[in-house]
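What follows is the residue order along each chain.
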Amino acid sequence: MKKLFITIDVEQDCPPMLSSMHGIKDGLPKLLKIFKQEEVKATFLVTGAVAQFHPRSIEGIIEKGHELGCHGYAHERFDRLSPKEARNVIDKALEILREFDGDIVSFRAPNLKFPTQYLDFLEGQGFLIDSSLAKYKPPFPRRSSKVGHMIRVPVSVTSSFLRLPLPLVLPVLRKVQNPVLFAHPWEFMDMSKTPVRFDCRFNTGEGALRNLSAIIRHFKSENYAFLPLKTMIS
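Throughout this description, residue numbers start from 1 for each chain and increase along the sequence as written. Since the coordinates come from a predicted model, pLDDT governs what is reported: local features require at least 70, and pairs of side-chain atoms require 80 or more to be given and counted, while whole-chain, interface and lining totals use all residues. Note that water and hydrogens are dropped before the side-chain values are worked out from all heavy atoms of the structure.

Caption draft 1: Examining the side chain of Glu67 more closely. Segments assigned H or I by DSSP are reported as helices when at least four residues long, segments assigned E as strands when at least two residues long, and all are numbered from the N terminus. Inspection of the secondary structure assignment puts Glu67 in strand E3 (residues 67-70). Three labels apply to residues, based on accessible area from a 1.4 Å probe with only protein chains included: buried if under 20% of the type maximum, exposed if over 50%, partly exposed otherwise in between. All tallies of charge rest on Lys and Arg as positive and Asp and Glu as negative; His and the ends of each chain are not included. Salt bridges are defined by distance alone: a side-chain nitrogen of Lys or Arg within 4 Å of a carboxyl oxygen of Asp or Glu. Notably, Glu67 is buried but unbridged: the nearest opposite-charge side chain belongs to Lys230, and the N-O separation is 5.8 Å. Any pair of nitrogen or oxygen atoms within 3.5 Å is treated as a polar contact; in protein, a donor-acceptor pairing is required on top of that, and neighbouring residues in sequence qualify only through side-chain atoms on both sides. Only 2.6 Å separates the side chain of Glu67 from the side chain of Ser106, close enough to count as a polar contact. For Glu67, the side chain forms a polar contact with the main-chain nitrogen of Leu229, separated by 3.1 Å. In this structure Glu67 touches Ala42, Thr43, Phe44, Ile61, Val105, Ser106, Pro228, Leu229 and Lys230, once residues within four positions along its chain are discounted. Residues count as neighbours in contact if any of their non-hydrogen atoms are within 4.5 Å of one another.

So this is what it looks like as structure tokens:
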């Protein structure tokens, strides 16, 4: 069976440049609506801070049958934290997230940077999947691999790639076996006039929604199954 995994990093708006969370209010409901319409399930990797300040949004994710995962507490860069700090961030985030779902098994570090020496912290907390790698970042090639009891699952393309013209996007994704996509709620609101990097601004809002809908419909027509990350365990 051909598979496609959609993952959403639920965080503040384009960190570290912004600390606002407008995407949770404006972008997240649009994503959930698309997933309901297209009858697909996704994995939402949520920061502890978002869950703490927007609990109803997290409840909505779970009520619609999506997987809840962990994305740190406040989008801290783990490669800039000491071992003690890293462990504390993971513990703090999980304490909050497990109030919503006691069986969280998937993790992704912000910026897709997580020191390998910290993997023990994840395994000790019961994580079974770490998606803190990217196929497009060195060292190459990046493939799914087993580390202890965990599976390390790289994302296939950067989130802004999905906002490029579809004639560029679809041929690349078709060449990837079981692609793992990721995006952010803030990408689905208009960021064009926001003082952030260009890659955080172009084709955001309705353009990003149209692209994502078209990508989903295309791969459904190719008989792909849309699955949450936790299904990789089995």
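Caption draft 2: Region of the structure containing helix H4 (residues 55-63). Turning to H4, its buried residues number three or more, namely Ile58, Gly60 and Ile61. The buried side chains of H4 occupy one side of the element, clustering within an arc of 155° when seen end-on. Considering only its buried residues, H4 is in contact with helix H2 (28-38), strand E2 (43-46), helix H3 (48-53) and E3. Directions pointing from the helix axis toward each C-beta atom define the arc.

Caption draft 3: Just the pairing of strand E5 (residues 129-134), in detail. The element E5 is extensively covered by neighbouring structure, given that six of its six residues are classed as buried. Here, any two strands with at least 2 DSSP bridges between them count as paired. One ladder, built from two bridges, connects strand E4 (residues 106-107) with E5; its direction is parallel. By the bridge assignment, Phe107 is partnered in E5 with Asp130. In this structure, E5 lies alongside strand E7 (residues 150-155), joined through four bridges in parallel fashion. By the bridge assignment for E7, Leu133 is matched with Pro154.

Caption draft 4: Representation of unusual backbone geometry within the structure. In this structure, Pro16 follows Pro15 across a cis peptide bond, with omega equal to 5°. With respect to the element layout, Pro16 can be found in the loop between strand E1 (3-10) and helix H1 (22-26). Positive phi is not limited to glycine here, since Glu39 has a value of about 60°. Of note, Glu39 is situated in the loop between H2 and E2. Even without being a glycine, Asn203 presents a positive backbone phi close to 50°. Along the chain, the position of Asn203 falls in the loop between strand E8 (180-183) and helix H8 (206-221).

Caption draft 5: Focus on the packing of H2 against H8. Here, axes are lines fitted to C-alpha atoms. For helices the fit covers the stretch in contact, and angles between N-to-C directions go from 0 to 180 degrees. For the pair H2 and H8, interaxial distance at closest approach is 11 Å and the crossing angle is 25°. Here H2 lies roughly parallel to H8, going by the angle between them. Judged by the twist between their axes, the crossing of H2 over H8 is right-handed. Along the contact surface, H2 presents Lys30, Leu31, Ile34, Phe35 and Glu38, while H8 presents Glu206, Leu209, Leu212, Ser213, Ile216, Arg217 and Lys220. Polar here means any residue other than Ala, Val, Leu, Ile, Met, Phe, Trp, Tyr, Cys and Pro, which are nonpolar, and Asp, Glu, Lys and Arg, which are charged; Gly is therefore polar. Its residues placed into classes, the contact of H2 with H8 shows six nonpolar, one polar and five charged. Oblique is the label for any angle not under 35 degrees, not over 145, and not in the 65 to 115 range, which are roughly parallel, roughly antiparallel and roughly perpendicular in turn. Should the near helix be turned anticlockwise from the far one by less than a right angle, the crossing is left-handed, and should it be turned clockwise, the crossing is right-handed.

Caption draft 6: Expanded view of the pattern of salt bridges. Evaluated as defined, the whole model comprises 11 salt bridges. Of the charged contacts in the structure, one is a salt bridge between Asp9 and Arg108, with a shortest N-O distance of 2.7 Å. With a gap of 99 residues between them, Asp9 in strand E1 and Arg108 in the loop between E4 and helix H6 (119-124) connect regions that are remote in the sequence. Among the residues examined, Asp9 registers a relative accessible area of 3% and is labelled buried. On the basis of relative accessibility, which here comes to 0%, the residue Arg108 falls in the buried class. We note a salt bridge from Glu206 to Lys30, for which the minimum N-O separation is 3.9 Å. Here the residue Glu206 occupies a position in helix H8, and Lys30 occupies one in helix H2, the gap between them amounting to 176 residues. A residue is classified by how much of its surface remains accessible, and Lys30, at 30% relative accessible area, is partly exposed. The network of salt bridges with shared partners includes Glu38, Arg217 and Lys220.

Caption draft 7: Quick peek at the nonpolar core. Among buried residues, those of type Ala, Val, Leu, Ile, Met, Phe, Trp, Tyr and Cys that are joined through side-chain atoms within 4.5 Å constitute a nonpolar core. Formed by 59 residues in total, the largest nonpolar core has its most connected members in Phe35, Phe44, Val46, Phe78, Phe114 and Phe127. For this core, the element with the most residues is helix H5 (residues 83-97), which contributes seven residues. In this structure Val46 touches Val10, Ala51, Ile58, Leu68, Gly69, Cys70, His71, Gly72 and Leu97, once residues within four positions along its chain are discounted. In terms of nonpolar packing, the next biggest core, distinct from the first, is built from 10 residues, Phe5, Ile129, Val155 and Phe182 among them.

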